[in-house]
Amino acid sequence: MSDKKTSNEMWGGRFASGPAAIMEAINASIDFDRKLYAQDIRGSLAHSVMLAETGIISAEDQSRIAHGLNTILEEIEAGTFTFSAAREDIHMNIEARLAELIGPSAGRLHTARSRNDQVAVDFRLWVKEELTRTAEALKGLIGAFLARAEDHAGTIMPGFTHLQSAQPVTFGHHCMAYVEMFGRDLSRVRDALERLDESPLGAAALAGTGFPIDRTMTAEALGFRGPTRNSIDSVSDRDFALEFLSTAAICATHLSRLAEEIVIWSTPQFGFVRLSDSFSTGSSIMPQKKNPDAAELVRAKTGRINGDLLALLTVMKGLPLAYSKDMQEDKEAVFDAAEALELMLAAMTGMVADMTVDKTAMRKAAGAGYATATDLADWLVRVAGLPFREAHHVTGRAVALAEDKKSALEKLTLEELQAIHAGITEDVYSVLSVRNSVRSRTSFGGTAPAEVRRQIRYWKKRLARA
């Protein structure tokens with residue numbers, strides 16, 4: 001057996017040339033970092049202008065570089081650009097093509113920078129743009145919920161704890177709970193944008209450069225508020241990627257909770273909402289089935305995003321400063337999470353706008369499970385003057401009687417209630433209906449329709465400013 005054959009068998013059939021082929025395969029990132037082509041060209045254009053303005057390269061070289069880069073941008077967007085794994089990444093692919101197009105002038109572009117600060121600025125630009133898109137998608141979802149809340153500020157439904165009927169609320173109030181949740185997500189996106197809004201370009205490999213560059217000029221040209229202040233941190237920082245993934249994971253968790261409720265609400269046992277065929281599928285064997293597949297897939301994709309966050313946290317946890325090749329693994333997780341989150345937000349916005357609400361089913365369910373028991377206890381405290389613990393005990397006896405009689409609380413006679421506690425009067429029936437219960441919850445942030453409408457007005461104004 002020849003040495004060549006032994007080598008090939010050792011490395012496996014795919015890697016016919018042995019270790020060199022494996023190194024190329026593990027080292028190359030062009031299959032995924034080609035997504036950064038627009039940001040890479042944008043960063044290079046800004047860098048070349050700065051080099052010319054500071055006298056580091058000639059205006060003639062800068063003009064050739066700009067023409068070449070714009071030509072490459074057109075080629076990539078037209079689909080005629082040839083990407084090569086042998087050139088490792090998007091930066092070297094563009095640089096090699098630039099050399100083909102304009103000759104020696106292309107070699108001057110990389111003056112006073114490194115791939116370390118180049119990829120850092122490209123990736124920051126991409127994440128910044130993605131966060132901006134996420135903010136707009138969240139505003140769309142919040143707007144859809146505000147429209148639903150306005151339509152159903154007075155639609156009564158059961159409120160749950162432990163998925164057991166607790167107290168009656170309105171569907172509008174329930175919708176506004178999601179407005180608050182996704183509003184916090186929007187706030188996190190804004191915070192993340194604020195923190196990443198610094199340009200690492202000019203940090204070079206890790207120590208800065210001896211060329212008289214103007215980092216403020218390139219930062220402003222790229223839309224950053226200013227340059228980063230430490231060259232080591234500039235190339236080793238991936239907090240902006242982790243923060244994007246963390247924000248995405250929290251938002252996805254909110255989307256998953258909503259998806260779970262839609263799945264539950266759309267069952268025949270609940271029947272609170274119905275999704276159109278646009279967001280449902282049928283069964284291949286059971287013709288009566290209508291499955292909320294879009295909601296289920298939103299719920300499932302949350303696991304992907306959580307995994308992306310954990311993957312990058314694990315990559316970064318043991319890295320010494322400054323740059324290490326491990327950090328090449330940052331982009332696939334972010335790209336995957338971004339694609340999943342965009343789809344989840346679009347699907348959920350569509351479902352919220354699409355679903356038909358069954359007010360009758362919600363109202364009927366709101367009266368089940370003695371949901372106004374707390375209202376009775378509160379009445380005993382407020383009107384009859386009982387300590388709350390005693391009122392809780394009296395209410396428990398009333399609920400037990402109603403269960404015995406298979407009756408709703410409000411169907412118990414005054415005599416039956418007075419037999420439990422003599423201080424109960426006819427006035428108690430003013431709080432025992434679900435309608436009156438909901439209307440009575442007028443505390444700030446409560447479920448009373450008037451309070452729900454007040455919160456809707458607040459959020460409409462806030463969203464208009466966001």
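In what follows, the structure referred to is the one given above.
Please read these numbers as outputs of a predicted model, since none were measured by experiment.

**Points about the overall build of the chain**
Item 1. The helix and strand tally for the chain stands at 20 helices and six strands.
Item 2. Computed over C-alpha atoms, the radius of gyration of the chain comes to 31 Å, more than 25% over the 23 Å expected from 2.2 N^0.38 for 466 residues, which places it beyond the range of a compact globule.
Item 3. In terms of overall dimensions, the chain has a C-alpha envelope of 100 × 60 × 40 Å along the principal axes.
Item 4. Taking as baseline every contact in the chain between residues at least 6 positions apart, the subset at least 24 positions apart corresponds to 73%.

**Thoughts on the side chain of Gln62**
Item 1. Along the chain, Gln62 falls in helix α5 (residues 59-78).
Item 2. With residues up to four places along the chain from it excluded, the contact list for Gln62 reads Leu45, Ser48, Val49, Ala52 and Ile57.

**Concerning the pairing of strand β2 (residues 164-170)**
Item 1. Pairing analysis gives six bridges linking strand β1 (residues 156-161) to β2, with the strands arranged antiparallel. Directly across from Met157, in β2, lies its bridge partner Val169.

**Notes on a positive patch on the surface**
Item 1. Together, Arg453, Arg457, Lys461 and Arg465 give the surface a local cluster of positive charge.
Item 2. Tracing the backbone through its elements, the reader meets Arg453 in helix α20 (residues 449-465).
Item 3. With relative accessibility at 42%, the residue Arg453 sits in the partly exposed group.

**Overview of the layout of surface pockets**
Item 1. By volume, the largest pocket amounts to about 510 Å³.
Item 2. At the level of elements, β1, β2, α8 (171-196) and α11 (239-265) are the ones that each hand at least two residues to the lining of the largest pocket.
Item 3. Here the lining of the largest pocket is composed, by residue class, of ten nonpolar, six polar and four charged.

**A look at empty space enclosed by the protein**
Item 1. Tallied over the entire structure, the rule returns two cavities of 30 Å³ or more.
Item 2. Looking at the largest cavity, its volume works out to about 50 Å³.
Item 3. Around the largest cavity sit Ala366, Gly367, Tyr370, Ala371, Thr372, Ala408, Leu409, Glu410, Leu432 and Val434, which together line it.
Item 4. Tallied by class, residues from the lining of the largest cavity come to seven nonpolar, two polar and one charged.
Item 5. Considered as a void within the structure, the second largest cavity measures approximately 30 Å³ in volume.
Item 6. Lining of the second largest cavity is provided by Asp40, Ser44, His91, Ile94, Glu95, Leu109, Arg113 and Gln118.
Item 7. If you list the elements that add at least two residues to the lining of the second largest cavity, you get α4 (37-53) and α6 (90-102).
Item 8. When residues in the lining of the second largest cavity are grouped by element, the largest group, three residues, is from α6.

**Side note on the nonpolar core**
Item 1. In this structure, Val127, Phe145, Phe182, Leu255, Ile305, Met348 and Met351 are the most contacted members of the largest nonpolar core, which totals 95 residues.
Item 2. At 16 residues, α11 tops the list of elements feeding residues into this core.
Item 3. Not counting the four nearest positions on each side in its chain, Phe145 is found in contact with Cys175, Tyr178, Val179, Phe182, Leu258 and Val352.
Item 4. Counting 21 residues, the second-largest nonpolar core is a separate cluster that includes Leu380, Leu414, Leu417 and Ile424.

**Structural notes on the packing of aromatic side chains**
Item 1. If you walk through the whole model with that rule in mind, you get eleven aromatic pairs.
Item 2. For the ring pair Phe145 and Phe182, a centre distance of 6.2 Å and an interplane angle of 20 degrees mean the geometry is stacked. Of this pair, Phe145 sits in helix α7 (residues 115-151) while Phe182 sits in helix α8, placing them 37 residues apart in sequence.
Item 3. Where Phe160 meets Phe270, the ring centres are 6.1 Å apart and the plane angle is 55 degrees; that geometry is what we call tilted. Of the two residues, Phe160 is situated in strand β1 and Phe270 in the loop between α11 and β5 (273-274); the sequence distance between them amounts to 110 residues.

**What to know about α5**
Item 1. For α5, spanning 20 residues, the distance from its first C-alpha to its last is 28 Å, which sits close to the expected 28 Å at 1.5 Å a residue.
Item 2. Considered for burial, the residues of α5 that qualify are Asp61, Gln62, Ile65, Ala66, Gly68, Leu69, Thr71, Ile72, Glu75 and Ile76.
Item 3. The secondary structure elements touched by the buried residues of α5 are α4 and α6.
Item 4. Backbone geometry just after α5 places Gly79 at a positive phi near 80 degrees.

**Quick word on the packing of helix α12 (residues 293-316) against helix α13 (residues 330-354)**
Item 1. Two elements in contact, α12 and α13, have axes separated by 9 Å at closest approach and are oriented at 155 degrees. One finds that α12 runs roughly antiparallel with respect to α13. Along this stretch, α12 crosses α13, giving a crossing that reads as left-handed. Here Ala294, Ala295, Val298, Lys301, Thr302, Arg304, Ile305, Asp308 and Leu312 of α12 lie close against α13, whose contacting residues are Asp330, Ala333, Asp336, Ala337, Ala340, Leu341, Leu343, Met344, Ala347, Met348 and Met351.
Item 2. Among the residues forming the contact of α12 with α13, the class breakdown is 14 nonpolar, one polar and five charged.

**Comments concerning a negative patch on the surface**
Item 1. A grouping of Asp31, Asp326, Glu329 and Glu332 is seen on the molecular surface, where their side chains present a negatively charged patch.
Item 2. Its location among the elements puts Glu329 in the loop between α12 and α13.

**Section: the side chain of Asp185**
Item 1. The residue Asp185 is located in helix α8 in this model.
Item 2. Within the structure, Asp185 has its side chain in polar contact with the side chain of His254 (distance 2.8 Å).
Item 3. When residues no more than four places from it in sequence are discounted, the contact partners of Asp185 are Leu138, Thr247, Ile250, Cys251 and His254.

**Overview of the environment of Leu193**
Item 1. Looking at the element boundaries, Leu193 is found in helix α8.
Item 2. Placed 182 residues apart in sequence, Leu193 and Asp375 show a C-alpha to C-alpha distance of 45 Å.
Item 3. Discounting residues that sit within four places of it in the chain, Leu193 has contacts with Lys128, Leu131 and Thr132.

Cut-offs and rules
Residues numbered from 1 in each chain as written. Predicted model: local features only at pLDDT ≥ 70, side-chain atom pairs only at ≥ 80, totals over all residues. Heavy atoms only, no water. Helix = DSSP H or I, 4+ residues; strand = E, 2+ residues; numbered from the N terminus. Rg over C-alpha atoms; globule rule 2.2 N^0.38 Å. Contact = heavy atoms within 4.5 Å. Pairing = 2+ DSSP bridges. Patch = residues over 30% accessible without salt bridge, like charges linked within 9 Å, V, L, I, M, F, W, Y side chains within 5 Å. Areas by Shrake-Rupley, 256 points an atom, 1.4 Å probe, with all protein chains shown as cover. Salt bridge = Lys/Arg side-chain N within 4 Å of Asp/Glu carboxyl O. Lys, Arg positive; Asp, Glu negative; His and termini not counted. Charge placed at Lys NZ, Arg CZ, Asp CG, Glu CD. Buried < 20%, exposed > 50% of the residue type's maximum accessible area, 1.4 Å probe, protein only. 1 Å grid on protein atoms, 1.4 Å probe; cavity = no way out; pocket = protein on both sides within 12 Å on 5 of 7 lines; lining within 4 Å. Points joined across faces, edges and corners; volume = space filled by probe spheres on them. Nonpolar A, V, L, I, M, F, W, Y, C, P; charged D, E, K, R; others polar. Core = buried A, V, L, I, M, F, W, Y, C linked by side-chain atoms within 4.5 Å. Phe/Tyr/Trp six-rings, centres within 6.5 Å; stacked < 30°, edge-to-face > 60°. Expected span 1.5 Å × (residues − 1). Axes fitted to C-alpha atoms, helices over the stretch in contact; angles between N-to-C directions. Parallel < 35°, antiparallel > 145°, perpendicular 65-115°, else oblique. Left-handed = near helix turned anticlockwise from the far one by under 90°. Polar contact = N/O pair within 3.5 Å; in protein donor to acceptor, adjacent residues only side chain to side chain.

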